[in-house]
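Structure at a glance
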Amino acid sequence: GDLRIVSYNVLGLDGTPQATVGQVLQAIGNETYNGRSRRPDVVTIQEVRNQATTSQAVVNQLNAIYGANAYARGNINGTSLSLNETVGLVYNTQTISLINEVAIGTPSSSGAARQSMRYQLRPLELPA
């Protein structure tokens, strides 16, 4: 099988009407590639304020589209030099398991402005 991995910049999500966010996420799942459409398995997101608010808003929208508990998120907040500059992960709980997550590095004005995040994911065994 294959996985659909998506990257989405959510800058301004907190002020964006939820209907608009839902439309974007629905369109991602409806996009056809190689003759088929499928919902995303992994959504990496940038410009995250923190996991409990911004990433959870993406989870809520995807669960509204695909059903309760269909998606979950990472929990660790990376640090950065500005308010909206961490990253997050949202994943399909029916196809992916989040094994581990860790923030890497220390933000500085002379180096990386935000911590990188490393996520260890495992595809789940799916019935044939």
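Residues numbered from 1 in each chain as written. Predicted model: local features only at pLDDT ≥ 70, side-chain atom pairs only at ≥ 80, totals over all residues. Heavy atoms only, no water.

1. Regarding the pairing of strand β4 (residues 42–48)
Most of β4 is tucked away, with five of its seven residues classed as buried. When strand β1 (residues 5–9) meets β4, the two strands line up parallel, connected through five bridges. Among the inter-strand pairings, Val-6 is bridged to a residue of β4, identified as Val-43. Where β4 lies against strand β6 (residues 86–92), six bridges are found, and the strand directions are antiparallel. Within β6, the residue paired with Val-43 across the bridge is Val-90. (Buried < 20%, exposed > 50% of the residue type's maximum accessible area, 1.4 Å probe, protein only. Helix = DSSP H or I, 4+ residues; strand = E, 2+ residues; numbered from the N terminus. Pairing = 2+ DSSP bridges.)

2. Remarks on the confidence of the model for the protein chain
Summing up the model confidence of the protein chain, the mean pLDDT is 86 and the portion of residues at 70 or higher is 90%. For the protein chain, per-element mean pLDDT is lowest for helix α1 (residues 18–30), which scores 82, and highest for strand β5 (residues 71–73), which scores 98. (pLDDT = per-residue confidence, 0-100.)

3. Here we look at the sheet that holds β1
Taken in spatial order, the four strands of this open sheet run β1-β4-β6-β5, and their pairing is mixed. The outermost strands of the open sheet, each flanked by one partner alone, are β1 and β5. When the angles between neighbouring strand axes are averaged without regard to direction, this sheet yields 20°. In the packing of helix α2 (residues 51–66) onto the sheet, the strands contacted are β4, β5 and β6, and the crossing angle to β5 comes to about 175°. (Axes fitted to C-alpha atoms, helices over the stretch in contact; angles between N-to-C directions. Contact = heavy atoms within 4.5 Å.)

4. Side note on the nonpolar core
Core analysis: the largest hydrophobic core is formed by 15 residues, its most contacted members being Leu-25, Val-43, Ile-45, Val-58, Leu-62 and Val-90. For this core, the elements supplying multiple residues, two or more each, are β1, α1, β4 and α2. Other than its neighbours up to four places away in sequence, Ile-45 contacts Tyr-8, Val-10, Ser-55, Val-58, Val-87, Gly-88, Leu-89 and Val-90. Judged by nonpolar contacts, the second largest core, of eight residues, contains Val-42, Val-87, Tyr-91 and Ile-96. (Core = buried A, V, L, I, M, F, W, Y, C linked by side-chain atoms within 4.5 Å.)

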